[in-house]
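A look at the structure
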Amino acid sequence: MLRFLARRTLGALVIILLISAITFFLFFALPSEPALMSCGKNCTPDALAVINKNLGLDQPVPVQYWHYMIGIFAGRDLTVGHCPAPCFGYSFSNQQPVWGTIVDRYPTTLSLALGGAFVFLIVGVGFGMIAAARRGTVVDKFFSSLSLIGNSLQIYFVGVIALGLFVSGGLRILDEPGYHPFTENPGKWFMGMLLPWLVLSIIFVANYTRMTRSQMIEQLGEEHVRTARAKGLSRRAVFFRYAWRGALAPIVTIFGIDLGSLFGGAMITEFTFNLHGLGRLAVSSVTETDLPTLMAVMLVGCTAIVVANIIVDAAYAFIDPRVRLA
């Protein structure tokens, strides 16, 4: 098991390194001048040269990339001052440490991702299991139809409708969406994130309902499940002890991918509910040509996705020993 995880971790580090290099070099392939953002309207060539030197943009691109990656682990000295590890540099747009901005924004995205994932996993898998257990009945048709409807909806549409119905008008039973630190007021944190969680989970619930139903029906037709029935085991024991475990592996795999993507930043949901997380930060860094911020968001999001997949691989190997022994 340890060798299995070591191989996965090594591969993950290579992927992160490749993504960071591609992002860094593509940024400099764009026809833009990052130093102009800090120079102002009355910018002169001399002032532009000074800013390029202060930001380290006067050096060759490979050298800049090397210094950037080393600074993440060891810190580095810039003209504007010492940047302690983890050093992601200073923002081109506001000259503030990028790591501080990431630390401020990440709890919002973390809360959104974990809460939404908990909702769509529990609800989606639950609906799928009920539909599979009642295959061919009205209950099955109801959940199948509900999943098709949910899969056709979009977050930006459902979000606006939900805001108008539950917050600003109509029922008015929920608080205005927003992030409040959990450590300060857990109740306010929960109520502020509840509506974004529900809206974010709608499409995922539909996907997990359909996937769980199909996997459970497939497992219920396997020979080992029929053998368990022939031995006289109860329907509940066959359903949960045999069919459920076989259906769990693909669900865990897809859940890891979805969870990693949410950690990377649910941009549409953050924009819809005016949440200041990594998704909005990524968009603003692109529009403002802010390389340090863009790189930091990319690395944090990529790391979250990779770590989530390593955890899923470990869970998958635990569920199915053939994976880790292959």
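Anything mentioned here points back to the structure above.
Below you will find a few notes about this structure. (Residues numbered from 1 in each chain as written. Predicted model: local features only at pLDDT ≥ 70, side-chain atom pairs only at ≥ 80, totals over all residues. Heavy atoms only, no water.)

Regarding the side chain of Asp140
One can find Asp140 in helix α6 (residues 138-152). A distance of 2.7 Å separates the side chain of Asp140 from the side chain of Arg213, its partner in a polar contact. Residues within four places of Asp140 in sequence aside, it is in contact with Ala131, Arg134, Arg135 and Arg213. (Helix = DSSP H or I, 4+ residues; strand = E, 2+ residues; numbered from the N terminus. Polar contact = N/O pair within 3.5 Å; in protein donor to acceptor, adjacent residues only side chain to side chain. Contact = heavy atoms within 4.5 Å.)

Considering the packing of aromatic side chains
All chains considered together, the criterion is met by 15 aromatic pairs. Centroid distance Tyr68 to Phe88: 6.4 Å. Interplanar angle 70°. Geometry classified as edge-to-face. On the criterion of sequence distance, the pair formed by Tyr68 in helix α4 (residues 61-74) and Phe88 in the loop between β2 (81-83) and α5 (98-133) is long-range, its members being 20 residues apart. For the pair shown, Tyr68 and Phe88 are each scored as buried. On the numbers, 5.3 Å between centres and 75° between planes, the contact of Phe239 with Phe240 is edge-to-face. Here Phe239 falls in the buried class, since its relative accessible area comes to 10%. The class of Phe240 is partly exposed, set by a relative accessible area of 40%. Through a chain of ring-to-ring contacts, the aromatic side chains of Phe24, Phe25, Tyr65, Tyr68, Phe88 and Trp99 assemble into a single cluster. The ring of Phe271 has Arg280 lying over it, and the distance from NZ or CZ to the ring centre is 4.8 Å. (Phe/Tyr/Trp six-rings, centres within 6.5 Å; stacked < 30°, edge-to-face > 60°. Buried < 20%, exposed > 50% of the residue type's maximum accessible area, 1.4 Å probe, protein only. Lys NZ or Arg CZ within 6 Å of the ring centre and 35° of its normal.)

Re unusual backbone geometry
That bond from Ala85 to Pro86 is cis: its omega, -5°, falls within 30 degrees of zero. Following the sequence through the fold, Pro86 ends up in the loop between β2 and α5. Not every positive phi belongs to a glycine, and Asn274 is a case in point at roughly 55°. Within the secondary structure, Asn274 is located in the loop between α11 (267-272) and α12 (278-287).

Focus: the state of the cysteines
This model, assessed by the stated rule, comprises one disulfide. Between the sulfur of Cys83 and that of Cys87 lies a disulfide, 2.1 Å long from S to S. Handedness of the Cys83-Cys87 disulfide follows from its S-S torsion of about 115°: it is right-handed. Free cysteine: Cys302, not disulfide-bonded; nearest cysteine sulfur from Cys87 at 19 Å. Under the relative-accessibility criterion, Cys302 is labelled buried at 9%. (Disulfide = S-S within 2.5 Å.)

Thoughts on helix α8 (residues 186-220)
Between the first and last C-alpha of α8 there are merely 42 Å, a value that for 35 residues lags more than 12% behind the 51 Å anticipated at 1.5 Å per step. In α8, a bend of some 40° at Ile202 exceeds every other bend along the element. (Expected span 1.5 Å × (residues − 1). Bend = angle between axes of the 7 residues up to and from the residue.)

Concerning a positive patch on the surface
A grouping of Arg134, Arg226, Arg229 and Arg235 is seen on the molecular surface, where their side chains present a positively charged patch. Tracing the backbone shows Arg134 in the loop between α5 and α6. (Patch = residues over 30% accessible without salt bridge, like charges linked within 9 Å, V, L, I, M, F, W, Y side chains within 5 Å. Areas by Shrake-Rupley, 256 points an atom, 1.4 Å probe, with all protein chains shown as cover. Salt bridge = Lys/Arg side-chain N within 4 Å of Asp/Glu carboxyl O. Lys, Arg positive; Asp, Glu negative; His and termini not counted. Charge placed at Lys NZ, Arg CZ, Asp CG, Glu CD.)

Some points on the nonpolar core
Phe120, Leu195, Tyr208 and Leu262 are the most contacted members of the largest nonpolar core, which totals 43 residues. Looking at this core, the elements with two or more residues in it are α5, α7 (155-166), α8, α9 (223-230) and α10 (235-264). Top contributing element to this core by residue count: α8, with 14 residues. Grouped together as the second largest cluster of nonpolar side chains are 27 residues, Ile16, Met69, Leu281 and Ile310 included. (Core = buried A, V, L, I, M, F, W, Y, C linked by side-chain atoms within 4.5 Å.)

Examining the packing of α7 against α8
α8 packs onto α7 with a crossing angle of 145° between their chain directions and a minimal axis gap of 10 Å. Both α7 and α8 take part in a crossing whose hand is right-handed. Between α7 and α8, the contacting residues are Ile155, Val158, Gly159, Ala162, Leu163 and Phe166 on the first element and Leu195, Val199, Leu200, Ile202 and Ile203 on the second. Partitioning the contact of α7 with α8 into residue classes produces ten nonpolar, one polar and no charged. (Axes fitted to C-alpha atoms, helices over the stretch in contact; angles between N-to-C directions. Left-handed = near helix turned anticlockwise from the far one by under 90°. Nonpolar A, V, L, I, M, F, W, Y, C, P; charged D, E, K, R; others polar.)

Some points on the packing of α6 against α8
How two helices pack is summed up by the angle between their axes together with the distance between the axes. The geometry of α6 relative to α8 is characterised by a closest axis approach of 8 Å and an angle of 140° between their N-to-C directions. In terms of orientation, α6 and α8 fall into the oblique class. In this structure, the crossing between α6 and α8 has a hand that is left-handed. Seen from α6, the contacting residues are Asp140, Phe143, Ser144, Ser147, Leu148, Gly150 and Asn151; seen from α8, they are Ile202, Ile203, Ala206, Asn207, Thr209, Arg210 and Arg213. Here the contact of α6 with α8 is composed, by residue class, of five nonpolar, six polar and three charged. (Parallel < 35°, antiparallel > 145°, perpendicular 65-115°, else oblique.)

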